[in-house]
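Examining the three-dimensional arrangement
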Amino acid sequence: ETGVTQSPTHLIKTRGQQVTLRCSSQSGHNTVSWYQQALGQGPQFIFQYYREEENGRGNFPPRFSGLQFPNYSSELNVNALELDDSALYLCASSFKGGGKNEQFFGPGTRLTVL
Amino acid sequence: AQSVSQHNHHVILSEAASLELGCNYSYGGTVNLFWYVQYPGQHLQLLLKYFSGDPLVKGIKGFEAEFIKSKFSFNLRKPSVQWSDTAEYFCAVGTYNQGGKLIFGQGTELSVKP
């Protein structure tokens, strides 16, 4: 069983740039969620994708957007980067059904905005 | 808004000491409850989960947690910690009406002295 993978591992960008982060979900899963984890904080929910559509969104501005592909992999795009966007971005995959939202996390992408 | 509160930011214990980490949540409906652990340099891993049934759940590595509905609590326990338990621990709550969203506490850093 292949776990959740994310790329790249680390990324350095400057303010105003755009970034794309990628995630491959665990085998058998059909749902991908993205979280932002700032230093010393718990993960904060950004949004979730199911059947290639956004299925819930946290308190993040529209410059945070995403995609889910037919193979259930996903991308997180952030436009007009700000210094506060520096964080660990986590992808989690799950199987939607039965009301149980057990999620399996990838290793994350560490984004630094200078 | 739903929230999760972890009482201790940093806990320091000696090996063989008992551990209890507090977690309280604010939500009146049906919840799924989780404890995740993040070892240094590693990704978030699921320790244990509660969906329904017996409120005392057992997880990996000798950890257990008790769901007390009347107190909105889901405290994590381990009778005897080891140096290898040094990690950050996160409590998370999922609610049926929020789809797959998980709400995390701010985390508790556990340091175990050999």
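Everything below is about the structure shown above.
Each helix and strand in chain B was counted, giving 0 helices and 12 strands. When its helices and strands are written in sequence order, chain B yields β-β-β-β-β-β-β-β-β-β-β-β. Here the C-alpha atoms of chain B give a radius of gyration of 14 Å, agreeing with the 13 Å that 2.2 N^0.38 yields for 114 residues. Per-residue burial over chain B gives 49% buried out of 114 residues. In chain B, the proportion of contacts linking residues at least 24 apart, taken out of those at least 6 apart, comes to 55%. In the structure as shown, chain B presents an accessible area of about 5300 Å², 52% of it carried by carbon and sulfur atoms.

Take the overall build of chain A next. Looking only at helices and strands, chain A has 0 helices and 11 strands in total. Put simply, chain A runs from its N terminus to its C terminus through helices and strands in the order β-β-β-β-β-β-β-β-β-β-β. Each principal axis of the C-alpha atoms in chain A carries an extent, and together these give about 40 × 25 × 25 Å. Considering chain A as a whole, with its 114 residues, one finds that 50% of them fall into the buried category. Taking the intrachain contacts of chain A between residues at least 6 apart in sequence as the baseline, contacts between residues at least 24 apart amount to 54%. Taking the average place of the 9 positive charges on the side chains of chain A and the average place of its 9 negative ones, the gap between the two points comes to 2 Å.

Here we come to the nonpolar core. In terms of nonpolar packing, the biggest core is built from 30 residues, with Trp-35, Leu-48, Phe-74, Leu-76 and Tyr-89 of chain B touching the most fellow members. Val-4, Cys-23, Phe-47 and Leu-81 of chain A belong to the second-largest nonpolar core, a separate cluster that totals 20 residues.

On to the interface of chain A and chain B, then. Counting residues at the interface gives 21 residues for chain A and 21 residues for chain B. When chain A packs against chain B, close to 1600 Å² is buried across both sides, 56% of that on carbon and sulfur atoms. When the buried surface of chain A facing chain B is broken down by residue, Asn-101, Glu-102 and Phe-105 of chain A rank first, second and third, together holding 34% of it. Applying the counting rule to chain A against chain B returns 1 salt bridge. Within the residue set of the side of chain A that touches chain B, elements represented by two or more residues are strand E4 (31-37), strand E5 (44-50) and strand E9 (87-94) of chain A. With 3 residues, E4 of chain A is the single largest residue contributor to the side of chain A that touches chain B. For the side of chain A that touches chain B, the residue count by class is 7 nonpolar, 11 polar and 3 charged.

This brings us to the sheet that holds strand E3 (residues 19-24) of chain A. Residue and element names in this part refer to chain A. Here we have 4 strands laid out as an open sheet, ordered E1-E3-E8-E7, and antiparallel in their pairing. The open sheet terminates on both sides in strands that have one partner only, identified here as strand E1 (5-7) and strand E7 (64-68). Strand-to-strand twist across the sheet, computed as the mean angle between neighbouring axes with direction ignored, equals 20°. One ladder, built from 3 bridges, connects E1 with E3; its direction is antiparallel. Bridging from a neighbouring strand, Ser-7 pairs with Arg-22 of E3.

All names here are of chain A. Locating Asp-85 in the fold gives a position in the loop between strand E8 (74-78) and E9. Residue classification places Asp-85 among the buried residues on the basis of a relative accessible area of 4%. Side-chain polar atoms of Asp-85 contact the side chain of Arg-63, separated by 2.8 Å. Apart from the residues within four sequence positions on either side, Asp-85 is in contact with Gln-36, Arg-63, Phe-64, Val-78, Ala-80, Leu-111 and Val-113.

On to the pairing of strand E8 (residues 64-68) of chain B, then. Residue and element names in this part refer to chain B. Judged from the 3 bridges that link them, strand E7 (residues 56-58) and E8 form a sheet pairing that is antiparallel. The residue bridging Leu-56 from the neighbouring strand is Glu-66, located in E8. Between the antiparallel neighbours E7 and E8 lie 5 residues, among them Lys-61 with a positive phi of about 60°. Taken together, E8 and the strand that follows it, strand E9 (residues 73-78), pair antiparallel across an intervening segment of 4 residues, in which Phe-72 is found at a positive phi of about 50°.

Here the focus is the packing of aromatic side chains. Both the distance between ring centres and the angle between the ring planes are used here to describe each pair of aromatic rings. Residues and elements named next belong to chain B. This model, assessed by the stated rule, comprises 14 aromatic pairs over all chains. When the ring of Tyr-50 is compared with that of Phe-67, the centres are 4.7 Å apart and the planes differ by 40°; the resulting orientation is tilted. A residue pair is termed long-range when its members are at least 10 positions apart, and Tyr-50 in strand E6 (residues 45-50) and Phe-67 in strand E8 qualify at 17 residues.

Each value, and the rule that gives it
Residues numbered from 1 in each chain as written. Chains lettered and ligands numbered in written order. Predicted model: local features only at pLDDT ≥ 70, side-chain atom pairs only at ≥ 80, totals over all residues. Heavy atoms only, no water. Helix = DSSP H or I, 4+ residues; strand = E, 2+ residues; numbered from the N terminus. Rg over C-alpha atoms; globule rule 2.2 N^0.38 Å. Buried < 20%, exposed > 50% of the residue type's maximum accessible area, 1.4 Å probe, protein only. Contact = heavy atoms within 4.5 Å. Areas by Shrake-Rupley, 256 points an atom, 1.4 Å probe, with all protein chains shown as cover. Lys, Arg positive; Asp, Glu negative; His and termini not counted. Charge placed at Lys NZ, Arg CZ, Asp CG, Glu CD. Core = buried A, V, L, I, M, F, W, Y, C linked by side-chain atoms within 4.5 Å. Buried area = accessible area lost by both parts, 1.4 Å probe. Salt bridge = Lys/Arg side-chain N within 4 Å of Asp/Glu carboxyl O. Nonpolar A, V, L, I, M, F, W, Y, C, P; charged D, E, K, R; others polar. Pairing = 2+ DSSP bridges. Axes fitted to C-alpha atoms, helices over the stretch in contact; angles between N-to-C directions. Polar contact = N/O pair within 3.5 Å; in protein donor to acceptor, adjacent residues only side chain to side chain. Phe/Tyr/Trp six-rings, centres within 6.5 Å; stacked < 30°, edge-to-face > 60°.

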